[in-house]
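Structural characterization, general
So you can see what is in the structure, the chains are spelled out below.
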Amino acid sequence: MEKEELKRLEQKINFLEKELYLVKRQLIQAKSENESSVIQKAEVHTEPEKPIPAESAQPIMEKEPFDFSVERWLPKVFLFVLLIGSIWGFMAASQNGWVSPGFRVLTGGVISIVMYALGERFSRDQRKLSITLLSGSIVLAIITLFSANILYGYVGGLTTNLLLILIISVGLWASHKHGSQLILCLIGAGAYLFPFIFAGDERNEWLFYGYELVLFFVLMTFSTLKRYRIAWNIHYYLLYFSLFFFAAFGVGEITLTVLIPFAIQHAYILLLIVLNRDERVNAEMIPALVTGSFILLGLLNDVYTAVPLVYYVIFAAVYIGASFIEPKEMKRTKDTLLVLGFLHMLLFLFELFEYDWRFVLIAIQANALLWLAGRRESYVGFAGSFLLMLLSFLGMVTGSQADFFAIELPIFILAFLYVYLFSHFNQQASSFLNVSKTTMKAVLTGLVMFFILRLTEFIVIGWDYTPRTTAYTVAIAALSIGYLIYGESRKDMFYRWVGIIFLALALLKFFLADLVFLDFTIRAMILIPIGVIGLVLSRILYKKE
């Protein structure tokens, strides 16, 4: 009985274990199904996307990258080949008498219109080919108009101007519509160099200058607004080329009439700089500004035998005034304008005065420019002030030694003031110079020595040769003693060594150069005081504490 009950119990236990295993499996399966349903619900009930603002939803027109891909340049190459081949074909047909001149002009106009229409048609799906066709159509239209006016005389001057304005307007619209800088560049290249005024039936220089300036205003303003750097430079410098070409090879001459359009162009660039507050754009204008300034100076020297002083005054006032108008953010532009203004002030001083004391005014100008450079932390201004100070010293050295107190002494005083201003700005916490104090002491020492030598030269200017050379030795020795005293009083090791070096230099010069020309009396008169002073200084400077 007990065995049977044990078997029954074992069977029940086995049955319960199986049931428990099945229950566990069902629980695991049910749990996994529950997790998957939760995940699906989470995926279905996602948060709605935030609406895109209207500004960001608009398509952003990015500038076309400048690359050398086949897709970009291959159509241009074939278009160029086509144009050259067409020109040669028309030349061959003309030589053989196959086509009349009128038919050539008509054909060029029709092909230009067809190319423009195809360019507009391909603008959606083949942009690069479209830009190439549009650019080629503008160039071909200008060439056709040139042929109709100059080669065959079918179109008069007034009609040519109107048609050229129409072509340029169409090109500007195409450049704006498709955002293409290439079209704008080709418009300038074709319109500026259009030679109908050089050899056409309207040989009027005022008409030429007026046309060129209007074209310049339109293309430069458009390029500035669109931030087209390449087109901006092309349109700026092509006007230079056109004006010079007309004056040199056309009916114009280098006269005041030529100066007027250059001055208007330069004034327009200054206006763009003042009105534009983009430092990147102004940086593109700086080379043009400097180039225009020097070209105007060259034209002034060609037009006038002696340049009127009022021109220098006007230029200096305009540049310096524009420099102060420009905000602090336009640092490079402010510095360039300031230096150009001081350059014209320098030219004004050279033209106004004929005497050496004009170099005193240049030294004053150098200090003023250094002060402004320090306030603005301008390296360009500092370099300009340094060059002005060097020019002042050069004029002083080449001038008459008899005017020491009238010319040289004021320049030396201003030179010491220049060093003081430099040290003042150099010692500031946010200094842009960062020159070591040792370097400043060396510069000041060289300036002092130069002053002592020039003063000695003024004193001994009427002496004989031998005493004159010995006077320099005495001056250097006196300078060395002064530096020794100053270095000890200030506990400055640099000036102590300067005094020792000057003393050694004086003794070396005395024994090697002066001794053979002096008698014993003068030798004693020089060496005994130096020896006594040296012993006293040695006792004072190096006594034990």
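Here is a short report on the structure shown in this document.

1. Topic: the environment of L338
Position of L338 relative to the elements: it lies in helix α14 (residues 331-352). Owing to a relative accessible area of 2%, L338 belongs among the buried residues under this scheme. For the pair formed by L338 and V380, sequence separation is 42 residues and the distance between their alpha carbons is 9.2 Å. Setting aside residues no more than four positions away along its own chain, L338 makes contact with I320, S323, L369, L372 and R376.

2. Looking at helix α11 (residues 256-275)
With 20 residues, α11 should cover 28 Å at 1.5 Å per step; its first-to-last C-alpha distance of 28 Å lies within 8% of that length. Within α11, the full set of buried residues consists of T257, V258, L259, P261, F262, Q265, H266, Y268, I269, L270, L272 and I273.

3. So, unusual backbone geometry
The backbone of E377 sits at a positive phi, close to 55 degrees, despite the residue not being glycine. Considering the arrangement of structural elements, one finds E377 in the loop between α15 (358-376) and α16 (379-398).

4. Topic: the environment of R358
Structurally, the position occupied by R358 is in helix α15. Separated by 34 residues in the primary sequence, R358 and S392 have C-alpha atoms spaced 8.6 Å apart. Those residues in contact with R358, other than ones at most four positions away along the chain, are L349, F350 and F353. Separated by 3.2 Å, the side chain of R358 and the backbone oxygen of F350 make a polar contact.

5. Description of a nonpolar patch on the surface
Together, L106, V110, V114 and L118 make up a nonpolar patch on the protein surface, roughly 330 Å² of accessible area in all. Tracing the backbone through its elements, the reader meets V114 in helix α4 (residues 101-121). Relative accessible area serves as the criterion here: at 42%, V114 is assigned to the partly exposed category.

6. What to know about the packing of α15 against α16
Orientation of α15 relative to α16, taken along the N-to-C sense of each, is 165 degrees, at an axis distance of 8 Å. Between α15 and α16, the crossing angle belongs to the class labelled roughly antiparallel. Between α15 and α16 lies a crossing of left-handed hand. Contacts from F359, I362, A363, Q365, A366, N367, L369, L370 and A373 in α15 reach G381, F382, G384, S385, L388, M389, L391, S392 and G395 in α16. Looking at the contact of α15 with α16, its residues break down into 11 nonpolar, seven polar and no charged.

7. A few points about the nonpolar core
Ranked by internal contacts, the top residues of the largest apolar core, which has 60 residues, are F216, W232, Y236, F262 and I269. In terms of nonpolar packing, the next biggest core, distinct from the first, is built from 34 residues, F412, L414, A415 and F451 among them.

Conventions used here
Residues numbered from 1 in each chain as written. Predicted model: local features only at pLDDT ≥ 70, side-chain atom pairs only at ≥ 80, totals over all residues. Heavy atoms only, no water. Helix = DSSP H or I, 4+ residues; strand = E, 2+ residues; numbered from the N terminus. Buried < 20%, exposed > 50% of the residue type's maximum accessible area, 1.4 Å probe, protein only. Contact = heavy atoms within 4.5 Å. Expected span 1.5 Å × (residues − 1). Polar contact = N/O pair within 3.5 Å; in protein donor to acceptor, adjacent residues only side chain to side chain. Patch = residues over 30% accessible without salt bridge, like charges linked within 9 Å, V, L, I, M, F, W, Y side chains within 5 Å. Areas by Shrake-Rupley, 256 points an atom, 1.4 Å probe, with all protein chains shown as cover. Salt bridge = Lys/Arg side-chain N within 4 Å of Asp/Glu carboxyl O. Axes fitted to C-alpha atoms, helices over the stretch in contact; angles between N-to-C directions. Parallel < 35°, antiparallel > 145°, perpendicular 65-115°, else oblique. Left-handed = near helix turned anticlockwise from the far one by under 90°. Nonpolar A, V, L, I, M, F, W, Y, C, P; charged D, E, K, R; others polar. Core = buried A, V, L, I, M, F, W, Y, C linked by side-chain atoms within 4.5 Å.

None of the figures reported here should be taken as evidence of function without further support.
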